[in-house]
Amino acid sequence: IAFYQKLVKIRENYRKIFATGVFEEIYVENGLLYFKRTLKNKSVYIYVNNCKKIYQISIDGKYIDCLTNEIFETDIFVKPYSYKIFAKLENSAIE
């Protein structure tokens, strides 16, 4: 149940982006779906890897994993059968 509570919290925190943000597929191939929803200058990124292949996602800046609250700023290595929901941190939020 804790997992679903985290999903509800993410939905609440990013309600406007999920409800009215523009959907954009970034990469869809061989079992990997990577997309973002953007509203004004804020985006939420989501990937779901439903295959055995490892992918690399290049990022620029500091991001937060919305499920774990881990902050990262290096490329993401997408493990097989994994998922992630993350958002770019604003400059004022990281200082």
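Residues numbered from 1 in each chain as written. Predicted model: local features only at pLDDT ≥ 70, side-chain atom pairs only at ≥ 80, totals over all residues. Heavy atoms only, no water.

**Some thoughts on unusual backbone geometry**
Move 1: Residue K40 is not a glycine yet carries a positive backbone phi of 60 degrees.
Move 2: K40 sits in the exposed class, given a relative accessible area of 78%.
Move 3: A positive phi angle, close to 55 degrees, is found at Y81, a residue other than glycine.
Move 4: With respect to the helices and strands, the residue Y81 is situated in the loop between β7 (76–78) and β8 (83–88). (Buried < 20%, exposed > 50% of the residue type's maximum accessible area, 1.4 Å probe, protein only. Helix = DSSP H or I, 4+ residues; strand = E, 2+ residues; numbered from the N terminus.)

**Here we look at the packing of aromatic side chains**
Move 1: By the definition in use, this model includes 10 aromatic pairs.
Move 2: Between F23 and F35, the aromatic rings sit 5.0 Å apart at their centres with planes inclined by 40 degrees, giving tilted as the arrangement. With F23 in strand β1 (residues 22–29) and F35 in strand β2 (residues 32–39), this pair connects stretches of sequence that are 12 residues apart.
Move 3: Classification of F23 by relative accessible area gives partly exposed; the value is 43%.
Move 4: When the ring of Y63 is compared with that of F72, the centres are 6.1 Å apart and the planes differ by 20 degrees; the resulting orientation is stacked. Across the pair, F72 and Y63 agree in class, each one buried.
Move 5: Taken together through their ring pairs, the aromatic side chains of Y34, Y45, Y63, F72 and F86 make up a single cluster.
Move 6: Lying across the ring of F72, K84 places its NZ or CZ 5.2 Å from the centre. (Phe/Tyr/Trp six-rings, centres within 6.5 Å; stacked < 30°, edge-to-face > 60°. Lys NZ or Arg CZ within 6 Å of the ring centre and 35° of its normal.)

**Remarks on the pattern of salt bridges**
Move 1: According to the stated counting rule, one finds two salt bridges in the structure shown.
Move 2: We note a salt bridge from K36 to E24, for which the minimum N-O separation is 3.9 Å. One end of the pair, K36, is in strand β2; the other, E24, is in strand β1, with 12 residues separating them in the sequence.
Move 3: The shortest N-O distance in the salt bridge between D65 and K84 comes to 2.9 Å. Pair noted here: D65 is in strand β5 (residues 63–65) and K84 is in strand β8, with a separation of 19 residues, a long-range link. Of the two residues examined, D65 and K84, each falls in the buried class. (Salt bridge = Lys/Arg side-chain N within 4 Å of Asp/Glu carboxyl O.)

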